[in-house]
Amino acid sequence: MMACGFSGLLWLREIGWNRGISLAHTASIFNRAAHDFYMEQFGADSYTASLELNRRELETLPARDREMTVYGRAPMMIAANCVKKTAGLCRAERTQESLERSGRGKRAGGKEEEFYLQDRYQARFPVKIDCRHCMNTVYNSVPLSLHQYTEEIVRSGALALRLDFTVEGRAETKGVLDLFCQGGSVPESYAYTTGHYKKGVQ
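Here, residues in each chain are numbered from 1, in the same order as that chain's written sequence. Side-chain atom pairs in this predicted model are given and counted only at pLDDT of 80 or more, local residue features only at pLDDT of at least 70, and totals for whole chains, interfaces and linings cover all residues. Values reported for side chains reflect all heavy atoms of the structure, with hydrogen atoms and water molecules removed beforehand.

Colleague: Please clarify how the pattern of salt bridges should be interpreted in this entry.
Modeller: One side chain can pair with another of opposite charge once the charged atoms of both are near each other. The working definition used for a salt bridge is a side-chain nitrogen of Lys or Arg within 4 Å of a carboxyl oxygen of Asp or Glu. Per the counting criterion, the structure on display carries five salt bridges. Put simply, Arg32 and Asp36 hold a salt bridge, and the shortest N to O gap is 3.4 Å. Here the residue Arg32 and the residue Asp36 both occupy positions in helix H2 (residues 32-42), the gap between them amounting to four residues, near one helical turn. Asp178 is the salt-bridge partner of Lys174, the closest N and O atoms lying 2.8 Å from each other. Highlighted residues: Lys174 and Asp178, both in helix H7 (residues 170-182), separated by four residues, approximately one helical turn. For each residue, the accessible area found with a 1.4 Å probe, counting protein chains only, is set against the maximum for its type, and the residue is called buried under 20%, exposed over 50%, and partly exposed in between. Residue Lys174 is classed as exposed on the basis of its relative accessible area of 53%. Look at Asp178 and you get partly exposed, because its relative accessible area is 26%. Within this structure, Glu67, Arg162 and Asp164 form a network of salt bridges that share partners. Under the scheme used here, helices are H or I runs from DSSP no shorter than 4 residues and strands are E runs no shorter than 2 residues, and both carry numbers assigned from the N terminus.

Colleague: Please clarify how the sheet that holds strand E7 (residues 124-130) should be interpreted in this entry.
Modeller: Following DSSP output, two strands are said to pair if at least two bridges run between them. With respect to topology, four strands assemble into an open sheet ordered E5-E8-E7-E6, the strand pairing being antiparallel. Pairing within the sheet leaves two strands with one partner each, and these edge strands are strand E5 (75-79) and strand E6 (115-118). Pairwise comparison of adjacent strand axes, ignoring direction, gives a mean angle of 30 degrees for this sheet. Axis definition: a line fit to C-alpha positions, over the contact stretch in the case of helices; interaxial angles, taken between N-to-C directions, run 0 to 180 degrees.

Colleague: How do you make sense of the environment of Pro75 when you look at a structure like this?
Modeller: For Pro75, the location among the structural elements is in strand E5. Residues Pro75 and Val127, spaced 52 residues apart in sequence, show a C-alpha to C-alpha distance of 9.4 Å. Contact partners of Pro75, with chain neighbours within four places excluded, come to His25, Thr137, Val138 and Tyr139. Only heavy atoms enter the contact rule, under which two residues are in contact if any of them lie within 4.5 Å.

Colleague: Teacher, can you tell me more about the pairing of E7 here?
Modeller: Regular strands place side chains that alternate from one sheet face to the opposite one. As judged from the four bridges shared by E6 and E7, these two strands associate in the antiparallel manner. Residue Gln118 lies in a different strand from E7, and its bridge partner there is Arg124. Here E6 folds back onto E7, and the loop between the two strands holds five residues, one of which, Gln122, carries a positive phi near 70 degrees. In terms of strand pairing, E7 meets strand E8 (residues 135-139) through four bridges, oriented antiparallel. In the sheet register, Lys128 faces E8, and the bridge partner there is Thr137. As consecutive antiparallel partners, E7 and E8 are separated by four residues, and within that stretch Cys134 has a phi angle of approximately 50 degrees, a positive value.

And the structure:
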């Protein structure tokens, strides 16, 4: 089970979960002390390294139970100010019954509606709408992609490599999987960032 932080871990403890726990990058494990705390207090089996760590900082953390996010759009902000409602497109009252009737933010046919925020540089930031809790998650305009460093990360002893898909369609997902699994040249249209892996937080 993937736990995003304390609330998830406490809930798992409350229900007596004993079939394995993996910590998401949102658990913010920045150093050995944080790692040891989670492992000792909650019995986590593995953790996902924080997206804010660079390669040198990652070396100070145990590799044997470390998962690395090598692809995915990083969440930039979680907001209670709903983009959908601001645009006058909210079709649901804040009750479970009406949310179920409305399809909870989906078009006819079950496909989720797509929303973006656009900055002055014309960069588009995908927004995931959570109608049940009236919350929005704003993701980075380009995904983290460490395809150039996967061999290096594997050699470091990492337990697993994670590819987190959020707003990608079928074709884009296949293209990313092919890039990571088969290698080859990177398409010119492939926009990405290496995040903090090379330089860290500044």
